[in-house]
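# Tertiary structure, described
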Amino acid sequence: MLKIASHRVGIAQGSLVLFSDFQDGGVMWTGEGPRELRRIVTFREPFRETPAVQVSLSMWDIDQKHNGRMDISADMVTSEGFVIVFRTWGDTRVARVRADWMAIGGVGHEDDWEVY
């Protein structure tokens, strides 16, 4: 459980097209076997501590003739950002993917004191 040590909670969110491989014959559309794509997300403002991050698919365009297999997650989460990881495998053909994300965590304020 994330316990936020602040009475100020920040929520950052965004949407990102991860790829559109059908347009240029990219590996997610033409390849087979294990495939992985990573995209870096940087928060506009850093959190005080590492936030909780949720990633979800908001658009998934796949070939109807093959099984749809996918895994999406957040990796390397810090107070400044994280990495979205999309994976597929087997004979799945993915044309394009868009991911939405949300980060929730404690944030600072200009009135906060830093005691050294």
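Up top is the structure.
Structural notes, computed from the coordinates. This structure is a prediction, so every number in the text was calculated from the model and none was measured.

Helix and strand counts for the protein chain stand at 1 helix and 6 strands. Put simply, the protein chain runs from its N terminus to its C terminus through helices and strands in the order β-α-β-β-β-β-β. Against the 2.2 N^0.38 benchmark of 13 Å for 116 residues, the protein chain shows a C-alpha radius of gyration of 18 Å, more extended than a compact globule. Here the protein chain, with 116 residues, has 31% of them falling under the buried criterion. Of all intrachain contacts in the protein chain linking residues separated by at least 6 positions in sequence, the fraction that spans at least 24 positions is 77%.

The next point concerns the sheet that holds strand β5 (residues 81-88). The pairing of strands in a sheet comes from backbone hydrogen bonds and takes either a parallel or an antiparallel form. The strand order across the open sheet built from 3 strands is β2-β5-β4, with neighbouring strands paired in antiparallel fashion. With partners counted over all chains shown, the strands left at the sheet margins are β2 (35-42) and β4 (71-75), one partner each. In this sheet, adjacent strand axes meet at a mean angle of 20 degrees when their direction is disregarded.

In this structure the tally under the stated criterion is 7 salt bridges. Between E36 and R38 there is a salt bridge whose closest N-O contact spans 2.9 Å. Given the relative accessible area of 42%, E36 is considered partly exposed. For R38, a relative accessible area of 35% translates into the label partly exposed. Note that D71 and R87 form a salt bridge whose closest N and O atoms lie 3.4 Å from each other. Taken together, the residues D71 in strand β4 and R87 in strand β5 connect sequence positions 16 residues apart. Classification of D71 by relative accessible area gives partly exposed; the value is 32%.

We now examine the nonpolar core. General note: in soluble globular proteins, nonpolar side chains tend to be found buried as a group. Residues L18, F19, F43, V55, F82, I84 and W101 are the most contacted members of the largest nonpolar core, which totals 19 residues. Elements represented by at least two residues in this core include exactly β1 (9-20), β2, β3 (52-62), β5 and β6 (94-106). Of the residues forming this core, the biggest block, 5 residues, is contributed by β6. Not counting residues up to four positions away in its chain, the partners in contact with F43 are A12, P51, V53, T78, S79, E80, G81, F82, W101 and A103.

Here we take up the sheet that holds β1. The 3 strands lie next to each other as β1-β6-β3, forming an open sheet whose pairing is antiparallel. A strand with exactly one partner marks an edge of an open sheet, and here the two such strands are β1 and β3. Looking at each pair of strands side by side, their axes are set apart by 15 degrees on average, direction ignored. With 11 bridges joining them, β1 and β6 adopt antiparallel strand pairing. Opposite S20, over in β6, you have R96 as the bridge partner.

The next point concerns the layout of surface pockets. Computed from the structure, the largest pocket encloses a volume of approximately 290 Å³. Lining the largest pocket we find 13 residues, and of these I11, A12, F43, R44 and E45 sit closest to its centre. Broken down by element, the residue count for the lining of the largest pocket peaks at 4 residues, all from β1. For the lining of the largest pocket, the per-class residue count stands at 7 nonpolar, 4 polar and 2 charged.

Its identity as a non-glycine residue notwithstanding, M76 has a phi of 55 degrees, on the positive side. The topology assignment puts M76 in the loop between β4 and β5.

Reading the values: rules and limits
- Residues numbered from 1 in each chain as written.
- Predicted model: local features only at pLDDT ≥ 70, side-chain atom pairs only at ≥ 80, totals over all residues.
- Heavy atoms only, no water.
- Helix = DSSP H or I, 4+ residues; strand = E, 2+ residues; numbered from the N terminus.
- Rg over C-alpha atoms; globule rule 2.2 N^0.38 Å.
- Buried < 20%, exposed > 50% of the residue type's maximum accessible area, 1.4 Å probe, protein only.
- Contact = heavy atoms within 4.5 Å.
- Pairing = 2+ DSSP bridges.
- Axes fitted to C-alpha atoms, helices over the stretch in contact; angles between N-to-C directions.
- Salt bridge = Lys/Arg side-chain N within 4 Å of Asp/Glu carboxyl O.
- Core = buried A, V, L, I, M, F, W, Y, C linked by side-chain atoms within 4.5 Å.
- 1 Å grid on protein atoms, 1.4 Å probe; cavity = no way out; pocket = protein on both sides within 12 Å on 5 of 7 lines; lining within 4 Å.
- Points joined across faces, edges and corners; volume = space filled by probe spheres on them.
- Nonpolar A, V, L, I, M, F, W, Y, C, P; charged D, E, K, R; others polar.

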